[in-house]
Amino acid sequence: MQAFWEFAGNFWWLVFPLMGVLGMVGNAWERGARMRHKRRLEVMHAKAELKAAQAAARGKAVPAASLPPITAPTATAASSQGASASRETQVTQLERLFATHDAVTARWLEYELDVAKIIAFPAMSDGRQPLTAAFLRAKRIADGLRPASAKARLPKEQLAEYRNAVADFEVAFDVAERDARRLRDSTFTDDERKRLDTAKKLLTVAIDEAATPAERQLAYRRVREELDGLLSISDEAIEVLEKKVMLELGPVTSSTTVTVPTPTPDAADASPGASGRVGPAAAPPRAEAPAAPELIADPLPAPKRPSTTPPPGATWPVPSRGNGDAPGRVTHPKPHR
């Protein structure tokens, strides 16, 4: 210990060159970290361009993530831009990131809510698969870093963190999807594959509009029985499947004909009303079917009033006075005794 202190007392001036060496090492490590980050951004750009080219070849447009430029802008260019231009650039970047985030989430929901795709590619819904688990972790990180709106003011560090999270989320989904399409049902046994094939055939019957409701219900129950213990299906996927199974039936038209009975002779003897028609005095109104034809009997003719004009050829009784049909006083002759 005494020798160490003697060396430190004689060569204390070595501290200054050592500090310079340590500073150079720190600067070299920082430059290496920047270079690694730059290469990572280049890889992300290359993957995004490759994916956009593949989507264009398939005829399906997929928005690419808005990544920062590889070369940082110079001080002169940065000073020439105003505060409004910088805000507009940030809003545009957030809108592109939101579009990419929503597009990847929609692609994932296609596997999560479609029972047919769950049966065809079970690895996409299996969290025990390493790549699927990595994708779910990336999704949780991206959802947690997503701002409330595109107009939110974010610092550059937070914006870059969300941008990297969206890029990782997109790449993790692509890798998990390719692995799921490669594996398919290879991780299941022969008996389990037979059950999956049976469930796939029954699912076709369950959502077939040409099948009867009873056949669809039976096929739906059989599908649930076959998949029980094999695949984990979310409640949302079950709800979507039930909506497909429970198809609405067309409106049922009624062919019932309502016939109004002809008034009976007793009803004909009833006193005529104010309008001169003969019919039941206090008959309750009959309910009419909304869409059924109704057969209504012809109304009975009003009875004629008795005429006071004597028939032709009759000599008596003769009205004492009269004016046509108006009733008058009739005089009867006294009988001879």
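To keep things clear, this report deals only with the structure shown in the data block. (Residues numbered from 1 in each chain as written. Predicted model: local features only at pLDDT ≥ 70, side-chain atom pairs only at ≥ 80, totals over all residues. Heavy atoms only, no water.)

1. Considering the overall build of the chain
Across its full length, the chain holds 11 helices and two strands. The helix and strand sequence of the chain, counted from the amino end, reads α-α-α-α-α-α-α-α-α-α-β-α-β. Scored against the burial criterion, the 337 residues of the chain give a buried share of 23%. Considering only contacts in the chain between residues 6 or more positions apart, those separated by 24 or more positions represent 69%. Summed over all atoms, the accessible surface of the chain reaches about 24700 Å², with 59% contributed by carbon and sulfur. (Helix = DSSP H or I, 4+ residues; strand = E, 2+ residues; numbered from the N terminus. Buried < 20%, exposed > 50% of the residue type's maximum accessible area, 1.4 Å probe, protein only. Contact = heavy atoms within 4.5 Å. Areas by Shrake-Rupley, 256 points an atom, 1.4 Å probe, with all protein chains shown as cover.)

2. Let's talk about the packing of helix α8 (residues 190–206) against helix α9 (residues 213–227)
A pair of packed helices is captured by two measures, namely the crossing angle of their axes and the spacing between those axes. Running from amino to carboxyl end, α8 crosses α9 at an angle of 155°, the nearest separation of the two axes being 8 Å. Relative to α9, the element α8 is oriented roughly antiparallel. With respect to the hand of their crossing, α8 and α9 are arranged in left-handed fashion. Contacts between α8 and α9 involve R195, L196, T198, A199, L202, L203, V205 and A206 on the former and, on the latter, E215, R216, A219, Y220, R222, V223, E225, E226 and L227. When the residues that make up the contact of α8 with α9 are grouped by side-chain class, the tally is 10 nonpolar, one polar and six charged. (Axes fitted to C-alpha atoms, helices over the stretch in contact; angles between N-to-C directions. Parallel < 35°, antiparallel > 145°, perpendicular 65-115°, else oblique. Left-handed = near helix turned anticlockwise from the far one by under 90°. Nonpolar A, V, L, I, M, F, W, Y, C, P; charged D, E, K, R; others polar.)

3. Section: a negative patch on the surface
Taken together, the side chains of D235, E236, E239 and E242 define an acidic patch exposed on the protein surface. Its place among the elements puts E236 in helix α10 (residues 235–245). (Patch = residues over 30% accessible without salt bridge, like charges linked within 9 Å, V, L, I, M, F, W, Y side chains within 5 Å. Salt bridge = Lys/Arg side-chain N within 4 Å of Asp/Glu carboxyl O. Lys, Arg positive; Asp, Glu negative; His and termini not counted. Charge placed at Lys NZ, Arg CZ, Asp CG, Glu CD.)

4. Remarks on the nonpolar core
For soluble globular proteins, nonpolar side chains are generally found buried alongside one another. Counting 19 residues, the largest nonpolar core has V115, I119, L196, L227 and L231 as its most contacted members. Among the secondary structure elements, those contributing two or more residues to this core are α5 (115–120), α8, α9 and α10. Sort the elements by how many residues they give to this core and α8 lands first, with five residues. Apart from residues no more than four positions distant in its own chain, V115 is found in contact with L203, L227, I233, A237 and L241. If you look at the next biggest cluster of nonpolar residues, it comprises 16 residues, including M124, A172, A176 and L183. (Core = buried A, V, L, I, M, F, W, Y, C linked by side-chain atoms within 4.5 Å.)

5. Quick notes on α10
Among all positions of α10, only A237, I238, L241 and V245 are buried. Taken down its axis, α10 places every buried residue within 100° of arc, on the same side. For α10, the exposed residues lying more than 90 degrees away from the buried face are D235 and K243. (Arc of directions from axis to C-beta.)

6. Topic: the packing of aromatic side chains
As enumerated under the stated definition, the model contains six aromatic pairs in all. Among the aromatic residues, ring-to-ring pairing joins W108, Y111, F121, F135, F169 and F173 into one connected group. The ring of Y111 has K117 sitting right over it, with the charged end atom 5.0 Å from the ring centre. Taking NZ or CZ as reference, R181 lies 4.6 Å from the ring centre of F121, over its face. (Phe/Tyr/Trp six-rings, centres within 6.5 Å; stacked < 30°, edge-to-face > 60°. Lys NZ or Arg CZ within 6 Å of the ring centre and 35° of its normal.)

7. Details of a nonpolar patch on the surface
Together, F7, F11, W12, W13, V15, F16 and M19 make up a nonpolar patch on the protein surface, roughly 810 Å² of accessible area in all. Top element by residues in the nonpolar patch is helix α2 (residues 15–58). It accounts for three residues. With respect to the helices and strands, W13 occurs in the loop between α1 (2–10) and α2.

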